[in-house]
Amino acid sequence: MKKKKYYKIMLSFLLIAALVLTQLAGAFAEDSAGVGSASPKATAQQETAAGTQESQSAPTDAAQQEDRSTAASGSSNDSSAASSADSMQQRSGQTESRQQGTSNASENPSGSKTASSEEKETAQNQTAKAGEASAIDNSTTLEDGIYTPDDVSFTGGTGRVKITVPTITVTNGKAYADILFSSKSYTKLQAGGKTYEPEADTSNGSLFKKVPVALNKDTAIVGTTTAMSKINDIEYSIHVKKSEPVNDPDTPAVDNRTDLADGVWVPDSFSVSGGTNKVIITCPKVTISDGKAVATIVFSSDKYTQLKANGKIYDGVTDSAANTSTFSVPVALNTANPIIGKTVRMSDPHWISYSITVRMSVNSGKYTEPSGGQDPDPSPSDPTVPAETKDLKAGTWKVKSDTDNRMFYLYPKTGTKYSTLTVKGEGSKKNMTATVTLTGEGYDYLYMGTALEAAKAPKNQWIKAKVVNGYYTYTLPVSALDKNLTVSAHSKKLNSWFEHTIIFYSSGAKAVPSGTSTTVPKTKKKKDKYATSGKQTKFKKSKKKDKVSKYKDDSQKSTGVVNNRTALKDGVYTPDSFSWSGGSGRLAYIKCRKITVTGGKAYATIVFGSSSYDRLKANGKVYSKSGGGLSTFVIPVKLNANNTIIGRTTAMSQPHWIRYTIYVKKAVSAKAAKKARAEAKKAAKDAQKSKLSLSKSAPKITGLKYKSTVKNKYAKYFRIFRYNHGVSLLSIDISKNTALYEEYTKNAKRFAKEDGKVEYDEEGKPVARSQHEITEALYKNNVVSYLLVPEKFDVPAGLDKQYIIVRTPAEKSYVASNSALSFLDAMDAVDGICLTGVTPEKVTASGVAKAIKQKHIAYAGTPESPRYSTIIRKKTRLAVLPGSLIPKEISTKETLLNKDKIAKQKKQAETDQKKLETLESRFTALDIPVILDRSQQEKSRLGKKEWIRAYGEIYGSAKKSQNIFEKEVKAEQK
């Protein structure tokens, strides 16, 4: 009897011990993984397995034999002991459930199921639950790109295994997370019905890349660990928080595609306009993923909670300790991007409009995440600052110098850089200046200070470049030696300031005679004359036939089959002219080497200004690159017509297809070809001359034939020429008799010299300009020329780089000139207006006033401060602004008596010019052409009235406008 009791007690203790050991084993196993114990499912499986092993042990066999021999007499005691064991086991299971936060372990005290069947059922449940996660909705409103989560949390396990999400990748509107377990023992991960393997080279845990996740929701995953005595699946639920934008019409969708390589980069420069200047906005980094750019925008205030950009509203991450608000938004590089920030600093939330420009190039530096969570210095490659400074006495010194070397290079290109330092005075009266020389010619002014300070400073404080030995040289004030000093450089081409750093070293300084130069005379280099401007008029002659590039059928039929038949005889020809357009603006040029005619069909040899294009879609086929070096393709073309081509660039982490249009001009007869070449050259010259002054004769335009001239009798500030296909050329002189004349004349002459030439940076790489940059430059000439093109006509390639394209008849216009409103009302063309910049009470045209009352026309702010959100929402296609925005001419000569008055006028003119150019830049960023109405600046009454003919041409009412004007002339003559 004692022996029987002994076995029963032992059985109870062994069952309890099995449960305790199971818990300890689970905890120890996850500890050994470096991170934590298994989930409830894994723990239950271990308990079941432990129970199975225990039931097969010797004590259990002894107990079973004893039970059989004393079944009757000991039944009550057996029941009591079993009940006690089951009770303790049940309490232990409840404790385990409470520890894990759930109860997946299913103990069966009645013993109706064997331990092995329980283990099999648990495994089946695991498989079923993993399969239940097959439908992960990972769609998101975030733009494609790489993002950092706002927050990450998870449940499951005991918490010893840490799960983090370093990055989120959005591809085609779907979110994928990189999931990192802090243990190296995780061999696979199940999510969304798929199994993922860890990265092989992970040193800080198990990293699973691009796992689909539902942002801002719980996502079920199952991790498989080998840390325990046997392989176990552990269930988790992760919650990846990332604010997702909602659609909003107040800003336009931006084209954030770029040819720059994927990665995280520091911008070359970042500029902001708009707002109240009370908040500093910075852009520490730009992330490029799959050829799309996402900028990190930081406000120096934690009160900015939302940002409108790219047609969406983005939530910000605020940091009260750092007093910042941070946003990640898609941006179009190297052009203006409108953004609208919401601040809650005031009693009522306010939306404030800005325009930001993020400039990047192939020379942009890589971004390195700093320790402590602070953004790096905007110039990560600042020169090293020495520990000690040597005191230099009055005199002239040759000193070592350096810069941040981000598109700002001191002479010479290689080797040690030197500057000439002039020291005057001593002690507190010491004054130092340095003469520095740059290798490039892109900066016409320098300023010792930030870009914002430079933009606000009067022009007489800017340091102008002087050409010494063929190099741009500047004399800068130096506040200290052996210290990184902020210097800003003004790009004459982009009309923007860029911040850099410069340092002058006292160590190794050598005394030199006054006037010593650190440069040697520059040798002149020939410049290529290929078409960065979109056209090519000079060609190298070649008699060698080119073979058609290898090709295969384009299954997507991205381009149509071209009719490349020609009347030219078989042979090799030089094009009469070649032009191109399209792309992202990052390709410097496309040129056409030759035309090969074989079997009465024309094939063009097309060369890209890059070696990264390996495929070209054209003629319904996909052509392979021919040879090495620059990307060259020989493809069928239809001569004297637009041809669509789509090039694949491999410059990014993944190949991207980019669309272009090319126009190859070639006449059939030798006489006609000679004439065509002459016309092409004349067209190029006419386009240059037309920027300087109003043409008396119609300019030659590639692909168009001149028809007639609208002869002005009284108006002096515009000209109209008509061509075939219903195209007209409207030229407006915006600088004559204004403060713009002197500067814009210089611009027009400079553009004429540079037109058709490829520019190179300091490293010899071709420099390209986006279409927005080209269009902005077109506004900064004496004469702005608009090509008025019927809606359905296909503009010959390259003309958008010489003229501003306006589709006719114009519609959805923002008209901020009262005179223009009156002209449109007189022509019954009020339907072409959707917005006005004239306050309703000041509108003089009755038809327009009626349309405003009927809400057919809305008010969208003054021309000085347009409501861009309304302009974008209405899908505006043309802006007509008053000529009063043009800076007034300073006609009075400066004398001692009126010096202060003239200075004020000049300052006002500079302010007005900046405002006008900012307006043009912002409308250009929105792809909205701008026309300046100078009707009220005409001297005669009929000169003012004749402007109705210009609007007749724009709004498709040429005949009606002519009749109205003739009535005005007759009335004047009476």
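Further up the page is the structure itself.
Described in the following lines is the structure provided in the data block. Source: prediction; values computed, not measured.

1. Details of helix α16 (residues 958-973)
- Given a rise of 1.5 Å per residue, 16 residues ought to cover 22 Å, and the 23 Å separating the end C-alpha atoms of α16 matches this to within 8%.
- Ser 961, Phe 965 and Val 969 are the residues of α16 that are buried. One side of α16 holds all its buried residues, which, seen down the axis, span an arc of 80 degrees. Of the residues in α16, the exposed ones pointing more than 90 degrees away from the buried face are Lys 959, Lys 967 and Lys 970.
- Residues of α16 that are buried make contact with α14 (941-945) and α15 (948-954).

2. A short note on the sheet that holds strand β51 (residues 813-815)
- Spatially, β53-β52-β51-β54-β55 is the arrangement adopted by the 5 strands of the open sheet, whose pairing is parallel. Lying at the two open borders of the sheet, with one neighbouring strand each, are β53 (858-859) and β55 (930-933).
- Here 4 bridges tie strand β54 (residues 878-882) to β55, and the two strands are oriented parallel to one another. By the bridge assignment for β55, Leu 881 is matched with Leu 932.
- Strand contacts of helix α13 (residues 899-925): β51, β54 and β55, with the helix running at about 145 degrees to β55, the strand carrying the most contacts.

3. Re the packing of aromatic side chains
- Applying the stated rule across the entire model yields 23 aromatic pairs.
- Taking the centre distance of 4.5 Å and the plane angle of 20 degrees together, the rings of Phe 608 and Tyr 613 count as stacked. As far as burial versus exposure is concerned, Phe 608 and Tyr 613 are alike and both buried.
- When the ring of Tyr 706 is compared with that of Tyr 723, the centres are 6.1 Å apart and the planes differ by 75 degrees; the resulting orientation is edge-to-face. Here Tyr 706, found in strand β44 (residues 706-710), pairs with Tyr 723, found in strand β45 (residues 718-723); they are 17 residues apart in sequence, far enough to count as distant.
- Since its relative accessible area comes to 4%, Tyr 723 is described here as buried.
- The ring of Trp 351 has Lys 308 sitting right over it, with the charged end atom 4.3 Å from the ring centre.
- Positioned over the ring face of Trp 580 is Lys 801, at 4.5 Å from the centre of the ring.

4. With respect to the packing of helix α9 (residues 771-778) against α13
- Packing of α9 against α13 brings their axes to within 10 Å, and their N-to-C directions diverge by 145 degrees. Once α9 is placed against α13, the crossing between them reads as right-handed. Where α9 abuts α13, its residues His 772, Thr 775 and Glu 776 lie against Ser 921, Thr 924 and Ala 925.
- Grouping the constituent residues of the contact of α9 with α13 by class yields 1 nonpolar, 4 polar and 1 charged.

5. Focus: the sheet that holds strand β7 (residues 194-196)
- Taken in spatial order, the 5 strands of this open sheet run β2-β10-β9-β6-β7, and their pairing is antiparallel. Among the strands making up the open sheet, the edge pair consists of β2 (151-155) and β7. Averaged over all pairs of adjacent strands, the angle between strand axes in this sheet comes to 30 degrees, irrespective of strand direction.
- Examined bridge by bridge, β2 and strand β10 (residues 232-241) share 5 bridges and lie antiparallel to one another. Considered in β10, the bridge of Val 152 is made with Val 240.

6. Focus: the nonpolar core
- Counting residues in each nonpolar core, the largest one holds 65 residues, and the members touching the most others are Tyr 786, Phe 923, Tyr 951 and Tyr 955.
- Excluding anything up to four places from it in sequence, Tyr 951 contacts Ala 820, Phe 823, Leu 824, Met 827, Val 880 and Asp 933.
- Counting 29 residues, the second largest nonpolar core, distinct from the first, contains Ala 434, Tyr 472, Ala 489 and Phe 498.

Each value, and the rule that gives it
Residues numbered from 1 in each chain as written. Predicted model: local features only at pLDDT ≥ 70, side-chain atom pairs only at ≥ 80, totals over all residues. Heavy atoms only, no water. Helix = DSSP H or I, 4+ residues; strand = E, 2+ residues; numbered from the N terminus. Expected span 1.5 Å × (residues − 1). Buried < 20%, exposed > 50% of the residue type's maximum accessible area, 1.4 Å probe, protein only. Arc of directions from axis to C-beta. Contact = heavy atoms within 4.5 Å. Pairing = 2+ DSSP bridges. Axes fitted to C-alpha atoms, helices over the stretch in contact; angles between N-to-C directions. Phe/Tyr/Trp six-rings, centres within 6.5 Å; stacked < 30°, edge-to-face > 60°. Lys NZ or Arg CZ within 6 Å of the ring centre and 35° of its normal. Left-handed = near helix turned anticlockwise from the far one by under 90°. Nonpolar A, V, L, I, M, F, W, Y, C, P; charged D, E, K, R; others polar. Core = buried A, V, L, I, M, F, W, Y, C linked by side-chain atoms within 4.5 Å.

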